[in-house]
Amino acid sequence: MRMYDIILKKRRGQALSDEEIRAVVSGYTAGEIPDEQVSALLMAVCFQGMDERETASLTEAMLHSGDAADLSAIPGVKADKHSTGGVGDKTSLIVAPLVAACGVKVAKMSGRGLGHTGGTLDKLESIPGLSVNISRERFFEIVRDEGLAIIGQTGNIAPADKKLYALRDVTATVDSVPLIASSIMSKKLAAGSDVIVLDVKTGSGAFMQTLEGSIELAKAMVSIGERHGRRTAALVTDMDRPLGCAVGNALEVDEAVRTLRGEGPADLTSLSLELAANMLHLAGMDIGESRERVRRALEDGSGFWKLCRLAAAQGGDTRVLEDTSLLPRAPFTGEVRAPRSGCLTHMQTQEIGAVSALLGAGRARKEDAVDAGAGLVLRHKTGEYVREGEVIAKLYTSREETLAPASERLLGALEWGEAAPVLPPLIAARVTRGGVERY
Ligand code: URA
């Protein structure tokens, strides 16, 4: 089997066999196929696509390139949630405690932020002392005793994806449905949970910028999960606006805490509740009862208490959750003021994420450190009328020289008009094995 022939076959739009896909994945992981040939194949996949069988086969090959977690030693149903990445998306910090408070265990492997998107691990690490690098035994113990734990991806989960993703990142081959679906699902399947709820973002801050593209991605991922015997559902949600108001690690922990105390922004609260309810539903509960249970866990404080238990079990100082003014906060601040009066008709969400990264909250390369206290808080969001001179956002940084370029870039990301725009729904669709339900 020659790699040249496999590339040509896909370039001509033909489906690859399972054997060919396995040979590419194992050969590339072992270092036997050079980057240039795999890059060419990835580009051909971007143009020609892959059918459902090929996508499942690619997922399978990446899943089996490394270790898979066996969570069977933890009694009960284990649920996981995954977001395809966004700006201000701190839902994991809210959803995992709510679900655990309702009696379903969450054993979660999360990632770090890269580029304009944030990552749950970076956010959690802004709680002083909290470690996401704990042993497998301790991880199991915390999930068993507290009902939830969140750790980083262990070394040998889907190593083929790690290599392929790094190559896709530099060859403009990230935004392809079969490549994204197989990349995410190989890791989710390897992480071992019985139930998976996906939050597939759509809009200017997402990988897939159109609703139809996002629904297609959601369908591909749900199909892979169900084929592997995991109950899987996806919500397709708006990322044309940042989620909530805070963007940046400790700032987002603060907003997550306020949300778990019932004082969070409406969009973040309603999406978190719906994601949590869907996890309970897939774990076996009626959807109406699931919604009622998660709402109660928010209102009675049991979700907040679970977040404190998680932080304490992983070595974190819970005083910063009781009093969020103790969270790290970068020393230099700036205010971005409206240059005119008018209605904010659109925010280029990816740019808002990039501004937060510029202030120090994100990283350009995997090995970069993040500044826990940096980021921004939006005082106004899309659809709101703002008067000239009013503060639109507050910026936080440890690098004072970034304040001026960050303000300028943020202003450049805003679009103005006279009339309020019609905003898309926060949750556009729910995709299950039964089909697509549009909201
Ligand atoms: N996240 C992943 O893990 N993989 C992708 O391909 C895109 C987002």
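The structure presented is a predicted model; accordingly, all values stated were derived computationally and were not measured. (Residues numbered from 1 in each chain as written. Predicted model: local features only at pLDDT ≥ 70, side-chain atom pairs only at ≥ 80, totals over all residues. Heavy atoms only, no water.)

**As for the site of the ligand**
Alright, step 1. Neighbouring the ligand are Tyr165, Arg168, Ile180, Ser183, Ile184, Lys187 and Phe207.
Alright, step 2. Side-chain polar atom of arginine 168 to an oxygen atom of the ligand: 2.9 Å apart, as the coordinates give it.
Alright, step 3. Relative to its unbound accessible surface of 240 Å², the ligand loses 88% to contact with the protein.
Alright, step 4. Those elements that provide at least two residues to the shell around the ligand are helix H8 (159-170) and helix H9 (177-190).
Alright, step 5. No other element matches the four residues that H9 contributes to the shell around the ligand. (Near = heavy atom within 4 Å. Polar contact = N/O pair within 3.5 Å; in protein donor to acceptor, adjacent residues only side chain to side chain. Areas by Shrake-Rupley, 256 points an atom, 1.4 Å probe, with all protein chains shown as cover. Helix = DSSP H or I, 4+ residues; strand = E, 2+ residues; numbered from the N terminus.)

**With respect to the side chain of threonine 84**
Alright, step 1. Mapped onto the elements, threonine 84 comes out in the loop between strand E1 (78-83) and helix H5 (91-101).
Alright, step 2. Polar side-chain contacts of threonine 84 include one of 3.0 Å to the backbone nitrogen of lysine 201.
Alright, step 3. Threonine 84 has contacts with Ile184, Asp199, Val200, Lys201, Phe207, Leu217 and Met221, leaving out every residue within four places of it along the chain. (Contact = heavy atoms within 4.5 Å.)

**Description of helix H2 (residues 18-29)**
Alright, step 1. Given a rise of 1.5 Å per residue, 12 residues ought to cover 16 Å, and the 17 Å separating the end C-alpha atoms of H2 matches this to within 8%.
Alright, step 2. Of the residues making up H2, those classed as buried are Glu20, Ile21, Val24, Val25, Gly27 and Tyr28.
Alright, step 3. At its buried positions, H2 is contacted by helix H1 (3-11), helix H3 (35-48), helix H4 (52-63) and H8.
Alright, step 4. At the C-terminal side of H2, glycine 31 shows a positive phi close to 80 degrees. (Expected span 1.5 Å × (residues − 1). Buried < 20%, exposed > 50% of the residue type's maximum accessible area, 1.4 Å probe, protein only.)

**Some words on unusual backbone geometry**
If a residue is not glycine, its phi is most likely negative; likewise, a peptide bond is most likely trans.
Alright, step 1. Located in the positive-phi region is alanine 158, a residue other than glycine, with phi close to 40 degrees.
Alright, step 2. Under the relative-accessibility criterion, alanine 158 is labelled buried at 1%.
Alright, step 3. A positive phi angle, near 55 degrees, is found at alanine 172, a position not held by glycine.
Alright, step 4. In this fold, alanine 172 is placed in the loop between H8 and H9.

**Concerning the pattern of salt bridges**
Pairing is possible between side chains of opposite charge, provided their charged atoms come close.
Alright, step 1. As enumerated under the stated definition, the model contains 32 salt bridges in all.
Alright, step 2. Among the salt bridges present, the one from lysine 188 reaches aspartate 80, with a minimum N-O distance of 2.9 Å. Within this pair, whereas lysine 188 is found in helix H9, its partner aspartate 80 is found in strand E1, the two being separated by 108 residues in sequence. Here lysine 188 and aspartate 80 have matching classes, each one buried.
Alright, step 3. Here glutamate 226 ties to arginine 231 by a salt bridge, and the two come within 3.9 Å at their closest N and O atoms.
Alright, step 4. A relative accessible area of 19% means that glutamate 226 is categorised as buried.
Alright, step 5. Ionic contacts of the salt-bridge type, sharing partners, join the residues Asp80, Lys108 and Lys188 into one network. (Salt bridge = Lys/Arg side-chain N within 4 Å of Asp/Glu carboxyl O.)

**With respect to the sheet that holds E1**
Alright, step 1. The seven strands lie next to each other as E3-E2-E1-E4-E5-E13-E14, forming an open sheet whose pairing is mixed. A strand with exactly one partner marks an edge of an open sheet, and here the two such strands are strand E3 (148-152) and strand E14 (435-438). Strand-to-strand twist of the sheet, defined as the mean angle between neighbouring strand axes without regard to direction, takes the value 20 degrees.
Alright, step 2. Note: strand E5 (residues 231-238) against strand E13 (residues 427-432), four bridges, orientation antiparallel. Bridge pairing in E13 places threonine 237 opposite isoleucine 427.
Alright, step 3. In the packing of helix H10 (residues 211-227) onto the sheet, contacts are made with strand E4 (195-202), E5, E13 and E14, and the angle to E5 comes to roughly 165 degrees.
Alright, step 4. Helix-sheet contacts for helix H12 (residues 266-282) involve E1, strand E2 (105-110), E4, E5 and E13, and the interaxial angle to E4 is about 150 degrees. (Pairing = 2+ DSSP bridges. Axes fitted to C-alpha atoms, helices over the stretch in contact; angles between N-to-C directions.)

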